[in-house]
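The lines below spell out each chain.
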Amino acid sequence: MHFPSTIPLWLSYLFISFVLTNGYQAEPTNGDNKVISIGAMIDVNSRIGKEQRVAMDIAAQRYNNTSKTHKLALHFQEPTKDPFRATSLAEEMIKTQKVQVIVGMNTWAEAASVAELVHQTRVPIISFVAPTITPPLMQIRWPYLVKMANNGTAYVKCIADMVHAYGWQKLVAIYEDDTYGGDFGMLALLSEALQDVGSMIEYRLALPSHSYLPNPGEFIQEELSKLTKNTPSRVFIVLQSSLDMVIHLFREASQMGLVDKESAWIIPESITNLLDSVNKSGTSYMQGALGIKTYFSENSSEYQHFEAQFRRTFRYKHPEEEQGGNSTFRNTESLSGVVIWPGKTTRVPKGWNMPTKQNPMKIAVPGRTAFSKFVKVDYDEHEKRYKYSGFCIEIFEEVLGLLEYDLPYEYYPINGTYPDLVQLVYNKTYDAVVGDMTILAERLQYVDFTVPYTESGLSMVVTERSQESTWMFMKPFTWQMWAVTGAILIYTMLVVWYLERDSNPEFEGNWKVQISTALWFTFSSLFFAHREKMYSNLSRVVMVSWLFLVLILNSSYTASLSSMLTVQQLKPNVTDIEWLKKNNMKIGCDGDSFVRTYLEKVETFKPENIVNINSEFSYVSAFKTDSIAAAFLELPYEKAYISKYCKGYSGSTPTTKFGGLGFMFQKGSPLAKDVSKAILQLLEVGELQRLEEKWLKPSGECYNNLTSESTESLKLGSFWILYVISGATSTICFLLSTIHSLKSSLRCPNDRSPWKRVVKLTRKICSRKHNKETTAQKDVVTSGWDCISITDNPEHQQAMSLQLPEIITVSSPPTQL
């Protein structure tokens, strides 16, 4: 048996003695020792009062045996329930017994009233209790009041930490009224501390003082019955109460099944310190309750010596109390070790009214849904019961198999709107909803959701029309591809013309003939149909890079065009929400869901332009009769619709995201956390993906249609390197030819300025004369520009050598002397 309350008393009296010895004048005795009178206001008829008196006597005796100058004299008074009576007792002790310090008081009201009374007498008051919330200017108001206890802040902080550690969200606060309205300061502190850890007080059970109840057990039973009807929470926090009331409370709660393996009880230090003094019959109902107490070391020799003396003295003075004691009741292990909870289990209780086979969980199921693939309710006439199937139902049943405990349940079909289902769970008519419930911020104010088992967003479904047109042959390439291809073709044409203009007879003639020849040559090379012969090696290099580019472009163009002609090209009739609003077009949505409200308030559609549609079949007829131009569906419904009605419809990528679809539970239910964990396990092993493919994946013709994606036009980004290679090759060959021509020009006779050479070359290019011989003669007699036409082509050099004598004869007649 432990006596934690006695040690602070013993130490406090040593402190009191020291203060009195140094600050007060005492009456001398026969031995010239000064006597210090101490008044004690304790309930000497109660177990705790008897313990306190024995501890005080031991402390005073020890002090008197060691002190040679001062002696302690104890004067005991028994306080009443009335705090005003405590003040009169204190005043009487000060006047008649000349007490120099008063200790004790079991309530803060008594301590405060006594401190107010003796303020003028300057008598120190040492209180065994402390206020829940320290009053402002307390030291100024009661300068001689000393508290030997912690205020309520430490207690509620300890409770909040335990609640957070075990993940409890909703609690029941129980306290015994003190006749003056109860300690609402403790409730305020606890409520604030719980909010900081994400929990709350859901129910408050105020019990009257035990002395005012003729039949406490019957009254408590009635109050607990009301509690079970109003809250499923099974975490009970006893803030303050007398020991007798706590014993009655646990007895009735245990008989009603509230101290079971899913319940948690926390009792205050004032009760924990008394449990050793209660007989086994009174504590048998409290097995598994968590008790809070102030920690102090029990290993010092001074403490152990005092405890041994206390045991002997208390057993001698109060043998009847020792016989009824329960020295083996408490498990004093810390929470870091193994904790034995109510029901003799080591598993942390849920703190919730968990379903049983006798009282299974009531699950509401949407009786009418727009898409039966998610939830379908059928009534079996033969078996006289409802049957439930669908994507949501199968996921929930898979989740149940992953829970670490059995969860008895029953489905109930509800033919109401989705807001109606939220309200039914909020008012505790049903425990949960299994169906296609979208997670929204507004709904989270009233209920709890699991993590989503499928994503959600707003998608627009519209009809499609064929994209076939007379310009289909232009579709394989984007306009950038066509523009760059045309530019590189012209550039290649000019470079080929420049390289072949002097050496290739096919490129002779005026500038129009030369350009048309070069253009035809380059264009025909697109189809590998060119027949012109090339004389320059640089031209051949240019054509190799160009023909390689043409080969790739031809192959890609042919493949892309073939794909486009094979797969039917469809285009949505509507692609913009703003166009719908601007033209006052009719749109359709599920009138039972939140989508209609969203379209009105967020997307600002006119209410008269929104048509309520309650089934997937109604969407088809509405589109066919042109009753609606578009339908707005959540992403899962859009998948289900397109998977079944794939021909002529398309869905847009959602631009607005929602929380997804999840299962709904009552606020604070621990089942939401457990089911969320199971959903994540299904997601990680790919089971959710398998179920989604089973229920929402298209089949047959729709599957082939959806998997045959429309062919996109080829983009420049896929071929830019080929264009760069071709253009760079042409540029390099052009520069090499130009450099070679300039070097040749420098080696020939030159009597004209560079500007005149350029003019002469331009005239030569634009000349309309075609005669090869005449051109050759003029080239010879002209200035040094003849060297530009001389190339490294062997055939050309041979032709020029054969004509050279004739040209010289004609051009240089004999000089007449």
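Everything that follows concerns the structure shown earlier in this document.
Residues numbered from 1 in each chain as written. Predicted model: local features only at pLDDT ≥ 70, side-chain atom pairs only at ≥ 80, totals over all residues. Heavy atoms only, no water.

## Some words on the sheet that holds strand β15 (residues 409–414)
Here is step 1 of the chain: Reading across the sheet, the five strands line up as β15-β12-β16-β25-β17 and stay open at both edges, with mixed pairing between neighbours. Two strands in the sheet have a free side with no partner beyond their single neighbour: β15 and β17 (447–449). Neighbour to neighbour, the strand axes of the sheet diverge by 35° on average, direction disregarded.
Here is step 2 of the chain: Each of β12 (361–366), β15, β16 (432–438), β17 and β25 (661–666) touches helix α15 (residues 418–426); the most contacted strand, β16, lies at about 150° to it. (Pairing = 2+ DSSP bridges. Helix = DSSP H or I, 4+ residues; strand = E, 2+ residues; numbered from the N terminus. Axes fitted to C-alpha atoms, helices over the stretch in contact; angles between N-to-C directions. Contact = heavy atoms within 4.5 Å.)

## A short note on the sheet that holds strand β9 (residues 235–240)
Here is step 1 of the chain: The five strands lie next to each other as β8-β7-β9-β10-β11, forming an open sheet whose pairing is parallel. A strand with exactly one partner marks an edge of an open sheet, and here the two such strands are β8 (200–207) and β11 (290–291).
Here is step 2 of the chain: One ladder, built from four bridges, connects strand β7 (residues 170–176) with β9; its direction is parallel. Bridged to valine 172 within β9 is phenylalanine 236.
Here is step 3 of the chain: The sheet strands contacting helix α6 (residues 152–166) are β7, β9, β10 (264–267) and β11, and the helix crosses β9 at an angle near 175°.
Here is step 4 of the chain: Its contacts with the sheet place helix α9 (residues 243–255) against β7, β8, β9 and β10, and it is angled at close to 175° to β10.

## Quick word on the environment of tyrosine 723
Here is step 1 of the chain: Residue placement: tyrosine 723 occurs in helix α26 (residues 720–747).
Here is step 2 of the chain: Given the relative accessible area of 7%, tyrosine 723 is considered buried.
Here is step 3 of the chain: With 177 residues separating them along the chain, tyrosine 723 and tryptophan 546 place their C-alpha atoms 8.7 Å apart.
Here is step 4 of the chain: Tyrosine 723 has contacts with Met481, Val484, Thr485, Ile488, Leu549, Leu553 and Leu716, leaving out every residue within four places of it along the chain.
Here is step 5 of the chain: At a separation of 2.6 Å, a polar atom in the side chain of tyrosine 723 contacts the side chain of threonine 485. (Buried < 20%, exposed > 50% of the residue type's maximum accessible area, 1.4 Å probe, protein only. Polar contact = N/O pair within 3.5 Å; in protein donor to acceptor, adjacent residues only side chain to side chain.)

In short, geometric facts, not functional conclusions.
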